[in-house]
Amino acid sequence: MAPANIADYLVTDDLTLLLGLIAATVFLLHTFNKPQPLVHPILLGRQSDVARVRNPGESAVYRNYGTGLISRFPLRPGKEVHILADFVRSDHDLPRTLWNTKITNATLQDRVAAVGTGFIRLAGLQPGESNVLLFLNDCIEFLISDLALASHSIPSFTLTTSQLLSPVLESHPPSAIITNAELLPSLLELIYDGGENTQKYTIIVVGEPSAHAMASVASKIRVLRWDEVEREGNKVEKILSPIPKPQDVFTVSFYANGNGQIQGAQFTHANLTAGVAAINSMFPAAQALSRLDTIVSGHSLSTAYGRAVAYSAIYEGTSFATLHSSKLFRGDEATIKYDVTDVLSIKKFPIPSPTILFIKPGHLESLVDAILREAKKSFFLNSFAWRHKLAGISEGFVTKDSLWDRLVYDGARARVIGEGAGTVRAVVVSDGTLRASILTPARVALSCPIINTYTHPLVAAPILASHPLDLQSFPPSSEKESAASGPPSVNVEAKVVGISDDAVEAGGDPEGSLLIRGPPVGKLGGVEESYVDVQKLEEEEGWAATGARAIIQTNGSFKLLA
Amino acid sequence: MSFSFDTPINTALFLFILYSVERIIFPSASATPKSVPREFKSGYSWMPKSHPPTVLFKTYTPKTLEPFNGKDGGRILLAINGQVFDVTAGRNFYGPNGMYGNFAGRDASRGMAKQSFDLDMLTPIDQPLDKLQDLTSDEIDNMKGWIEHFSNKYIVCGKLVENGAI
């Protein structure tokens with residue numbers, strides 16, 4: 001009786017055929033509709049090229065896997081770029097908007113030449129002899145002054161915080177100071193407070209100084225208006241100075257290190273070209289910077305990294321503007337908040353919709369919170385959208401063009417950022433600790449490459465930069481754990497010192513102080529020897545101490561420890 | 001009809017369809033796996049098991065260098081001009097039965113300079129290191145050429161100092 005029973009059980013009919021077809025279709029859909037990861041996970045397991053030998057107490061030297069240990073570092077973004085003036089490409093003719101000004105490269109070069117001539121004739125600056133302090137908030141005049149001074153080999157000083165103004169004026173008095181009109185009163189006050197030490201200053205003011213401020217100018221100080229200087233330069237024949245060499249120092253950036261001591265980082269033209277090359281290579285080749293982009297930066301031009309970002313924008317011909325929070329020098333004492341309002345402050349400039357944001361962790365966190373809150377307003381759809389996005393991210397895939405974006409997230413982004421929300425195509429986070437727990441929500445909310453970097457005032461480029469298409473997420477060991485910063489950037493090599501050899505020989509992760517070396521790293525100088533705290537041997541081999549502690553993971557990415 | 005027990009195939013197919021559709025519409029909601037996979041095939045967010053192997057740079061004396069001659073099947077080291085190279089990969093040449101086996105575990109500077117593999121090119125272990133003062137500039141260049149060759153092919157894993165200097 002048994003065989004008959006089995007045959008009974010296996011009876012098929014038309015419905016079976018139909019269900020079979022449907023089952024096959026559904027099975028194929030489910031299996032093969034899985035999206036391909038944006039970057040193959042095998043590459044994410046080997047993000048650095050590691051040296052085969054290491055010194056006792058130190059880790060091996062790590063370089064970016066794309067650069068490799070054998071190749072030379074990329075030194076410039078293009079073959080013909082050697083000095084700062086080469087960033088303004090003559091073969092690019094189309095205008096772009098820098099802050100408030102729509103300008104072509106040719107006009108920019110003319111203005112730079114005029115201002116340079118004006119500096120020498122009217123302000124009495126001498127190439128190779130004078131120094132100029134750029135006590136300016138970010139504006140096109142900053143860039144023009146920087147280019148003009150560099151082309152005449154007049155080193156410029158910049159400060160990363162306003163508290164450094166009086167120590168720097170005391171220890172390294174410049175021949176001239178370029179400043180904004182609203183900063184003039186406080187600057188004059190500071191100079192007068194300096195007492196008998198006041199030397200003869202020339203102050204060049206950008207903007208219209210108030211009559212009150214002009215009246216308070218002492219006899220030893222000469223105040224010129226920037227417009228006058230530019231007009232003077234336009235009237236007469238342009239003065240040509242010998243072309244600076246790439247190894248010439250063109251700027252000194254003063255910053256306060258972790259111990260509160262003032263350090264001066266000297267940067268040469270070569271440091272900046274290497275920095276721009278590094279910033280360009282942070283983006284995947286298919287999504288490289290181009291003329292159609294608009295870069296928005298929250299990093300002041302007074303810092304080396306902020307300057308490199310600005311020069312990347314200049315070199316690629318993109319439009320560029322900075323956030324309100326990048327104003328280092330303010331008349332008022334309001335605390336700076338890094339949040340959505342700050343990001344939206346870009347709207348006051350007539351630039352096209354931003355495509356690339358260089359922001360700080362605070363900006364990212366508040367943006368992501370706001371977008372996800374807006375998305376939650378469509379209750380039903382949002383839970384689906386969230387699940388589907390997460391499923392994609394766990395397979396290594398994310399895109400802005402999916403169904404869920406069109407249904408939920410595009411609307412949420414538009415409500416937070418405004419009309420231009422759809423154009424943001426990459427976000428670079430620097431200058432602060434990014435919490436690991438915010439990474440996945442950020443990837444869902446923004447659906448574009450988010451690059452976590454580590455920057456330092458001594459380096460004109462990111463030191464560590466995560467892979468742009470990396471969507472990995474690991475269970476965090478604590479709530480406050482920071483996200484991995486990725487491997488060293490393409491032209492920096494890094495190692496950690498002060499590690500425990502036993503732990504590392506047993507297979508543990510090296511953990512210690514981070515040291516770096518490479519073309520974009522500036523030289524510490526311009527300060528008294530007693531301030532500089534660097535081990536002599538490291539200094540001889542060219543290693544610079546960042547003062548940060550890091551741990552290196554097995555896949556070659558570095559994670560900074562608080 | 002398909003729910004009746006008479007056609008279990010239909011029931012099975014129907015349940016399978018329901019399950020697959022459910023997986024498509026409600027994918028799993030967590031991006032972070034419980035334990036980190038150690039192979040890239042096991043998951044996207046993976047971490048390799050171990051770091052790439054690195055060798056610790058050590059300081060050797062002629063006495064501590066000598067055991068590394070490959071006779072016990074271990075690492076083979078040789079020194080040229082104070083730099084110690086790990087030539088284990090070239091066991092055919094520098095191992096006990098190799099053509100240049102005399103150099104294993106020893107300071108091979110003079111031999112490299114004079115292009116000779118004789119035993120009298122080697123200084124006995126308990127004597128001070130060969131100062132190489134009587135070499136001509138051609139021979140020094142030859143030795144430097146060999147150092148270049150070795151640096152490209154093998155790893156520099158240490159330096160050689162006098163006995164008793166450590």
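Given the structure is predicted, the values throughout are model-derived calculations rather than measurements. Within each chain, residues carry numbers counting from 1 in the order of the written sequence. Going through the entries in the order they are written, you letter the chains from A and number the ligands from 1. Restriction of local features to residues with pLDDT of at least 70 applies here, the model being predicted, together with a cutoff of 80 or more for giving and counting side-chain atom pairs; totals for whole chains, interfaces and linings are based on all residues. Hydrogens are left out, water is left out, and the side-chain values use all remaining heavy atoms of the structure.

What to know about the domain arrangement of chain A
How big an interface is tends to be stated in terms of the accessible area lost upon association of its parts. Residue and element names in this part refer to chain A. Where we set the bar: A domain assignment, automatic or from a database, supplies the domain bounds used here. In this analysis, two residues are considered to be in contact whenever any of their non-hydrogen atoms come within 4.5 Å of each other. Two parts lose some accessible area (1.4 Å probe) when they are put together, and adding that loss for both gives the buried area. Salt bridges are defined as contacts in which a side-chain nitrogen from Lys or Arg sits within 4 Å of a carboxyl oxygen from Asp or Glu. Here a polar contact means two N or O atoms within 3.5 Å. Within protein one must be a hydrogen donor candidate and the other an acceptor candidate, and residues neighboring in sequence count only if both atoms are side-chain atoms. Note on conventions: DSSP H or I runs of at least 4 residues are helices, E runs of at least 2 residues are strands, and numbering of each starts at the N terminus.
Taken domain by domain, chain A consists of domain 1 (48-76 + 271-560) and domain 2 (99-244). Counting from both sides, the interface comprises 22 residues of domain 1 and, opposite them, 19 residues of domain 2. Across the interface of domain 1 and domain 2, roughly 1,900 Å² is buried in total on both sides, 57% from carbon and sulfur atoms. The largest contributions to the domain 1 side of the interface with domain 2 come from Leu 301, Tyr 311 and Phe 329, which together make up 34% of the buried area. Applying the counting criterion to the domain 1 and domain 2 interface returns 1 salt bridge. One salt bridge in this structure joins Arg 307 and Asp 146, with 2.7 Å as the shortest N-O distance. Taken together, the connections running from domain 1 to domain 2 amount to 9 residue pairs in polar contact (both at pLDDT 80 or more). Those elements that provide at least two residues to the side of domain 1 that touches domain 2 are helix 11 (304-316) and strand 14 (319-322).

Quick look at the layout of surface pockets
We count it as follows: Cavities and pockets are defined on a 1 Å grid built over the protein atoms alone: a cavity is a set of grid points where a 1.4 Å probe fits but cannot escape, while a pocket is an open set with protein on both sides within 12 Å along at least five of seven lines, and lining residues are those with an atom within 4 Å of any such point. Grid points are joined across faces, edges and corners, and a volume is the space filled by probe spheres set on the points. When residue character is reported, Ala, Val, Leu, Ile, Met, Phe, Trp, Tyr, Cys and Pro are called nonpolar, Asp, Glu, Lys and Arg charged, and the others, Gly included, polar.
Estimates place the volume of the second largest pocket at around 820 Å³. Residue lining of the second largest pocket: 26 residues in total, with Ala 51, Arg 52, Val 53 and Leu 69 of chain A together with Ile 155 of chain B positioned closest to the centre. Mapped onto the lining of the second largest pocket, the elements with two or more residues apiece are strand 1 (48-50), strand 2 (53-54) and strand 19 (493-497) of chain A together with helix 5 (137-153) and strand 5 (155-160) of chain B. Residue contributions to the lining of the second largest pocket peak at 3 residues, all from helix 5 of chain B. Residue classes in the lining of the second largest pocket are distributed as 12 nonpolar, 4 polar and 10 charged.

Remarks on the pairing of strand 20 (residues 511-517) of chain A
Residues and elements named next belong to chain A. The test is simple: Each pair of strands is called paired provided DSSP finds at least two bridges between the two strands.
Here 5 bridges tie strand 19 to strand 20, and the two strands are oriented antiparallel to one another. Bridging across to strand 20, Val 497 finds its partner in Ser 513. With 5 bridges connecting them, strand 20 and strand 22 (residues 544-552) associate as antiparallel partners. In the sheet register, Glu 511 faces strand 22, and the bridge partner there is Ile 551.

Details of the interface of chain A and chain B
Tallying the contact residues gives 60 residues for chain A and 45 residues for chain B. It is Arg 52, Arg 387 and Thr 554 of chain A in chain A that bury the most area against chain B; as a group they hold 15% of the surface buried on that side. Our count for the contact surface shared by chain A and chain B stands at 0 salt bridges. The interface formed by chain A and chain B includes 13 residue pairs in polar contact (both at pLDDT 80 or more). Of all the secondary structure elements, the ones that give two or more residues to the side of chain A that touches chain B are helix 1 (2-9), helix 2 (14-32), helix 3 (41-44), strand 2, helix 14 (379-394) and helix 17 (501-505) of chain A. Split into classes, the residues belonging to the side of chain A that touches chain B amount to 31 nonpolar, 18 polar and 11 charged. Relative to strand 1 (residues 55-56) of chain B, strand 2 of chain A is paired through 2 bridges, and the arrangement is parallel. Across the sheet, Val 53 of chain A pairs through a bridge with Val 55 of chain B, a residue of strand 1 of chain B.

Brief notes about the packing of aromatic side chains
Residues and elements named next belong to chain B. Under the convention used in this document: Any Phe, Tyr or Trp ring, taking Trp's six-membered ring, that has another such ring centre within 6.5 Å forms a pair; planes under 30 degrees apart are called stacked, those over 60 apart edge-to-face, and the others tilted. For every residue, the accessible area (1.4 Å probe, protein chains only) is compared with the maximum for its type, and the residue is labelled buried under 20%, exposed over 50%, or partly exposed between those bounds.
With the rule as written, the count across this model stands at 22 aromatic pairs over all chains. When the ring of Tyr 94 is compared with that of Phe 150, the centres are 5.9 Å apart and the planes differ by 55°; the resulting orientation is tilted. Of this pair, Tyr 94 sits in helix 3 (residues 91-94) while Phe 150 sits in helix 5, and the two are 56 residues apart along the sequence. With respect to burial, Tyr 94 and Phe 150 carry one shared label: buried. Here Phe 103 and Phe 117 contribute two aromatic rings whose centre-to-centre distance is 5.6 Å and whose plane-to-plane angle is 55°, an arrangement assigned as tilted. Highlighted residues: Phe 103 in the loop between helix 3 and helix 4 (109-114) and Phe 117 in the loop between helix 4 and helix 5, separated in sequence by 14 residues. Three or more aromatic residues joined by ring pairs make a cluster, and in this case those are Phe 85, Phe 93, Tyr 94, Tyr 100, Phe 103, Phe 117, Trp 146, Phe 150 and Tyr 154.

Some words on the packing of helix 13 (residues 361-375) of chain A against helix 15 (residues 403-417) of chain A
Residues and elements named next belong to chain A. Heads up, the rule is: Fitted lines through C-alpha atoms serve as axes, helices being fitted only where they are in contact, and the angles separating the N-to-C directions of these axes extend from 0 to 180 degrees. Throughout this description, any angle smaller than 35 degrees is read as roughly parallel, any larger than 145 degrees as roughly antiparallel, any in the 65 to 115 degree range as roughly perpendicular, and the remainder as oblique. Each crossing gets its hand from how the near helix is turned against the far one by less than a right angle, where anticlockwise is left-handed and clockwise is right-handed.
In contact at an axis separation of 8 Å, helix 13 and helix 15 are set at 125° when each is read in the N-to-C sense. By the criterion of interaxial angle, the relationship of helix 13 to helix 15 is oblique. Handedness of the crossing formed by helix 13 with helix 15: right-handed. Contacts from Leu 367, Ala 370, Ile 371, Leu 372, Glu 374 and Ala 375 of helix 13 reach helix 15 at Val 408, Tyr 409, Ala 412, Arg 413, Arg 415, Val 416 and Ile 417.

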